[in-house]
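Structural description and commentary
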Amino acid sequence: MPVTTPPFSQVAQPDLAEQVDESVEPQKPWLVLVWNDPINLMSYVSLIFQKLFGYSKEKADALMMDVHEKGRAVVSSGTRERAELDVFRLHEHGLWATMEQES
Amino acid sequence: MGNDGTGIMRRRREEGPVHRSVDGTFSINLEDHERHALLNFVDQLQALLADGPKNEDLTRLFPVAYNANPDLNAEYQKYMADELAQSRAASIETVRTVLSSDSPISEQQAMAFASVLNSLRLVLGSVLDVSESDDFDQIEEDDPQFDQWQLYGYLGWLLEWTVSAISGE
């Protein structure tokens with residue numbers, strides 16, 4: 001009787017499924033928030049959004065108005081490392097930024 | 001036919017203290033006494049920054065990153081607080097160079113100028129406990145913090161012009 005390898009589906013699939021679960025299941029993104037404060041100038045905040053994120057003036061102004069009127073706005077999102085970098089750059093420019101994982 | 005200064009004042013009103021040239025460089029038109037005063041404030045800012053986040057007036061310069069998670073925030077601050085301080089120190093050095101000469105400056109230098117003016121406002125605004133309803137035109141001359149309010153207003157004026165020059169408005 002020839003030695004046969006078991007069908008692919010019997011051995012490989014559970015492993016593969018496990019790997020898929022661990023490595024590919026999307027992580028919830030991290031959100032970078034900017035909070036309203038009474039000191040930063042509106043024009044300055046909009047300029048920083050344009051310079052740091054490459055946003056158009058229209059988009060940066062709209063985000064800035066969101067921060068101003070709603071108290072905070074999500075200005076970028078992504079991996080935790082990416083969000084930490086964005087928070088750092090916002091802090092460098094004196095904006096009040098925090099990050100949290102999307103719930 | 002001497003220069004009585006009205007030409008300078010008129011140009012300053014028209015162009016503002018910060019002007020973008022056609023070649024993309026920026027010029028800062030400030031009187032010598034303004035430059036000296038600003039350099040003095042920048043020195044004070046640098047001395048304050050040496051205290052780090054412990055100083056209450058500097059809370060706005062060292063914000064919390066993870067406001068919902070103190071452990072992650074402690075970890076973040078462990079690595080990033082020093083880097084933030086170094087970045088501020090570098091901007092301050094750039095601004096010293098900018099204020100020490102009349103030479104045209106690059107956009108990067110103009111951004112450092114804006115960022116340091118903003119840092120000064122954040123410290124002063126924290127000392128004054130500024131709120132959105134404050135109207136500093138209404139501060140009376142006998143207010144013990146009148147001079148600080150004047151300075152806060154001046155820094156805002158200069159920053160507004162710097163931002164508008166960088167934005168190309």
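Right above here is the structure, for reference.
Residues numbered from 1 in each chain as written. Chains lettered and ligands numbered in written order. Predicted model: local features only at pLDDT ≥ 70, side-chain atom pairs only at ≥ 80, totals over all residues. Heavy atoms only, no water.

1. Some remarks on the overall build of chain A
If you tally the helices and strands in chain A, you get four helices and three strands. Helices (α) and strands (β) of chain A occur, in sequence order from the N terminus, as α-β-α-α-β-α-β. Per-residue burial for chain A yields a buried fraction of 38% across its 103 residues. In chain A, 68% of the contacts between residues at least 6 apart in sequence involve partners at least 24 apart. Of the accessible surface of chain A, which amounts to about 6200 Å², a share of 55% is contributed by carbon and sulfur atoms. (Helix = DSSP H or I, 4+ residues; strand = E, 2+ residues; numbered from the N terminus. Buried < 20%, exposed > 50% of the residue type's maximum accessible area, 1.4 Å probe, protein only. Contact = heavy atoms within 4.5 Å. Areas by Shrake-Rupley, 256 points an atom, 1.4 Å probe, with all protein chains shown as cover.)

2. Topic: the pattern of salt bridges
Residues and elements named next belong to chain A. The full count for this structure, using the stated rule, is eleven salt bridges over all chains. Two residues, aspartate 66 and lysine 70, come together in a salt bridge whose shortest N-O distance is 3.1 Å. Note that aspartate 66 and lysine 70 are positioned in helix α3 (residues 57-70) at a spacing of four residues, about one turn of the helix. Classification of aspartate 66 by relative accessible area gives partly exposed; the value is 27%. (Salt bridge = Lys/Arg side-chain N within 4 Å of Asp/Glu carboxyl O.)

3. What about the sheet that holds strand β3 (residues 97-101) of chain A?
All names here are of chain A. The strand order across the open sheet built from three strands is β2-β1-β3, with neighbouring strands paired in antiparallel fashion. Strand pairing shows two members of the sheet lacking a second neighbour, β2 (72-78) and β3, which therefore form its edges. Going across the sheet, the axis of each strand differs from the next one's by a mean of 30°, ignoring polarity. For strand β1 (residues 30-35) and β2, the ladder comprises six bridges, and the chain directions are antiparallel. Across the sheet, the residue bridging to tryptophan 30 is glycine 78, located in β2. (Pairing = 2+ DSSP bridges. Axes fitted to C-alpha atoms, helices over the stretch in contact; angles between N-to-C directions.)

4. Observations concerning the layout of surface pockets
The probe, sized like a water molecule, is rolled over the atoms to show the empty space still left. Its boundaries defined by the atoms lining it, the largest pocket holds a volume of some 400 Å³. Taken together, 23 residues line the largest pocket, and the ones lying closest to its centre are A:Pro38, A:Ile39, A:Asn40, A:Leu41 and B:Arg121. When residues of the lining of the largest pocket are traced back to their parent elements, those giving at least two are β1, α2 (42-53) and α3 of chain A together with α5 (146-166) of chain B. For the lining of the largest pocket, the residue count by class is 14 nonpolar, five polar and four charged. (1 Å grid on protein atoms, 1.4 Å probe; cavity = no way out; pocket = protein on both sides within 12 Å on 5 of 7 lines; lining within 4 Å. Points joined across faces, edges and corners; volume = space filled by probe spheres on them. Nonpolar A, V, L, I, M, F, W, Y, C, P; charged D, E, K, R; others polar.)

5. Considering the packing of aromatic side chains
Residue and element names in this part refer to chain B. Under the criterion given, the structure shown has six aromatic pairs over all chains. Judged by centre distance (6.2 Å) and plane angle (75°), the ring pair of tyrosine 66 and tyrosine 76 falls under edge-to-face. With a gap of ten residues between them, tyrosine 66 in the loop between α2 (32-49) and α3 (70-99) and tyrosine 76 in helix α3 connect regions that are remote in the sequence. Across this residue pair, the class does not change: tyrosine 66 and tyrosine 76 are buried. (Phe/Tyr/Trp six-rings, centres within 6.5 Å; stacked < 30°, edge-to-face > 60°.)

6. Focus on the packing of α2(A) against α5(B)
Orientation of α2(A) relative to α5(B), taken along the N-to-C sense of each, is 35°, at an axis distance of 9 Å. Of the two possible hands of crossing, α2(A) and α5(B) adopt the one that is left-handed. Mapping the contact onto sequence places A:Ser43, A:Tyr44, A:Leu47 and A:Lys51 in α2(A) and B:Leu159, B:Glu160, B:Val163 and B:Ile166 in α5(B). Of the residues belonging to the contact of α2(A) with α5(B), the class tally is five nonpolar, one polar and two charged. (Left-handed = near helix turned anticlockwise from the far one by under 90°.)

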